[in-house]
Amino acid sequence: MKAIRTIEWKHGAIRIIDQTLLPLKFRVLDIRDIRVLWKAIRQLKVRGAPALGAAAAWGVYLGVKDAPETEFAGFSRRLDKVIGYLASARPTARNLFWGLERMGSVAVRNRQRPVSRIKKLLFRQARQIVEDDRQTCRAIGAFGSTLIHGGDTILTVCNAGILATIDYGTALGVLYSAQARGRKFKVYACETRPLLQGARLTTWELTKRKIDVTLICDNMAATLMAQGKIDAVITGADRIAANGDAANKIGTYSLAVLARHHRIPFYIAAPFSTFDLQLKDGAQIPIEERPAGEVTTLYFKNPVAAQGVKVYNPAFDVTDHRLITALITEKGIIRPPFKAGIKKMTRR
Ligand code: MRU
C-alpha cells in the first residue's frame, strides 16, 4: 500500500484526507483557515484521537503564524483565543486538548524570546507531535503484537488505524505489527453505526494492507462470540481515566460486556496522550452528542426513520476498567490493577 499520511503540513497549509468521502473517493483538502479546520474536525473529515492531537497542533500554528503582534502579551492573547476556539471543536478525545496544551506551553516557556522565534518553535513542536505519533504507534504495535497468535480472529470497532493517527494506528497498528512479524490472522470489523467508520475506513485500510477482513453489523458481534469465532477484541480509545475506565466509539462498551460473558480478552490500545490522569474515573469523561440527522439519514440515500423522530446520538461510551484485560501503550502493556499500573508506567 502506498504510504499515506492522514495529516501533514504541505505548502503552507494543513493537508488532510477528507475521510467523509472514503471509501468512494480519496481526496485531500488543503486547509488555510482555522475556521475550516474547526469544521473539518466537527464533521469528522479528520478524526480519531491521535490525528486530532496533530490537527490541534497544526491548527495552533496555522492560527498564529501570520499574527501581526510583535510583543508577547498581544501574541499570547491571540494564541489563547486560537487554542480556546480549537478546543471547542469536539469534547471527548483527550489528544485534542493534549496537542493544544503542548503548543501553548511552548509559547509560555519561550516568552522571553522574540515572537518570530516563538512561531518557529511552534512549527517545530507541531512537527514533533506528528513524528512522535509515528514512533508511538509503532511501539504500541510492537507490544500489542505479542498478544496476537497465529490463527487468531480479532474483532474491532470504529477505526483506530492509519486514518485515526498519522500513518500507522493503535488497535490496527497492533495488527499491522503482527502481520509484519509473519502472523496469520483474521479480522471482523463492526460497521460502527451511525457514521460507519468501521465499514468505510477500517475495511478500506485493512483490505489495502491485505489483511483478511470481514464486515459485520454491530448487532452481530454477540452471535460471532457465541459461535466461538472471536479470540480477542482490540479497540482504540479517546480518553482513559486514572483508574483505566476508557471512552471510545459508541458500541465499544457493549463489546467489552459481551467479551467478558464469552471469556474473550478485551484489549484497548492507546498512547499516553489519550490518558487523562486528572480524571479519577470514566464518569467524568465528557461524551459528545451529535446531530440526529447522522442517525436518521446520513450515508443513506433516503431517510431511514420516521420524520421528526426523537434521536439520542452519543458518539462515545465508557468501558469500565474491570472489563478490560489489558491496556496496550507505547511504554508497554498494562494489566490490572490499572490505577497502580498506569501510575508506574507514566513515570517511565
Ligand atoms: O468519532 P471518531 O471517528 O473520531 O471516533 C474515533 C474513535 O473512537 C477511535 O476508536 C479512537 O479515537 C481511537 S483512534 C486511534
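Draft legend 1. View of the environment of Y188. As for its position among the elements, Y188 is in strand β5 (residues 186–190). The exposure class assigned to Y188 is buried, which follows from its relative accessible area of 16%. For the pair Y188 and R322, spaced 134 residues apart in sequence, the C-alpha separation works out to 24 Å. Discounting residues that sit within four places of it in the chain, Y188 has contacts with T153, I154, L155, T156, T214, I216, L224, K229 and I230.

Draft legend 2. Summary view of the pattern of salt bridges. What the rule picks out here adds up to 15 salt bridges. Residue D281 pairs with K280 through a salt bridge whose shortest N-O separation is 3.4 Å. Between R290 and E294 there is a salt bridge; the shortest N-O distance is 2.9 Å. The class of R290 is buried, set by a relative accessible area of 11%. Here E294 falls in the buried class, since its relative accessible area comes to 8%. Here the residues in one salt-bridge network are R90, E288, R290 and E294, joined through shared partners.

Draft legend 3. Quick peek at the domain arrangement of the protein. Partitioning the protein into structural domains gives domain 1 (7–138) and domain 2 (148–346). Using C-alpha coordinates to define each centre, domain 1 is positioned 25 Å away from domain 2. Of the residues lining the interface, 30 residues belong to domain 1; the matching set on domain 2 comes to 33 residues. Summing both partners gives a buried area of about 2,700 Å² for domain 1 against domain 2, and 56% of it is carried by carbon and sulfur. Considering only the surface of domain 1 that becomes buried against domain 2, R47, T92 and R94 emerge as the three largest contributors, covering 23% of it. At the junction of domain 1 with domain 2, the criterion picks out three salt bridges. Ionic pairing is found between D167 and R134, a salt bridge with its closest N-O pair at 2.7 Å. On inspection of domain 1 and its partner domain 2, the count reaches 18 residue pairs in polar contact (both at pLDDT 80 or more). Of all elements in the fold, only α2 (49–64), α4 (94–109) and α5 (115–145) reach the threshold of two or more residues within the side of domain 1 that touches domain 2. Residues of the side of domain 1 that touches domain 2, tallied by class, amount to 16 nonpolar, seven polar and seven charged.

Reading the values: the criteria
- Residues numbered from 1 in each chain as written.
- Predicted model: local features only at pLDDT ≥ 70, side-chain atom pairs only at ≥ 80, totals over all residues.
- Heavy atoms only, no water.
- Helix = DSSP H or I, 4+ residues; strand = E, 2+ residues; numbered from the N terminus.
- Buried < 20%, exposed > 50% of the residue type's maximum accessible area, 1.4 Å probe, protein only.
- Contact = heavy atoms within 4.5 Å.
- Salt bridge = Lys/Arg side-chain N within 4 Å of Asp/Glu carboxyl O.
- Domains from an automatic or database assignment.
- Buried area = accessible area lost by both parts, 1.4 Å probe.
- Polar contact = N/O pair within 3.5 Å; in protein donor to acceptor, adjacent residues only side chain to side chain.
- Nonpolar A, V, L, I, M, F, W, Y, C, P; charged D, E, K, R; others polar.

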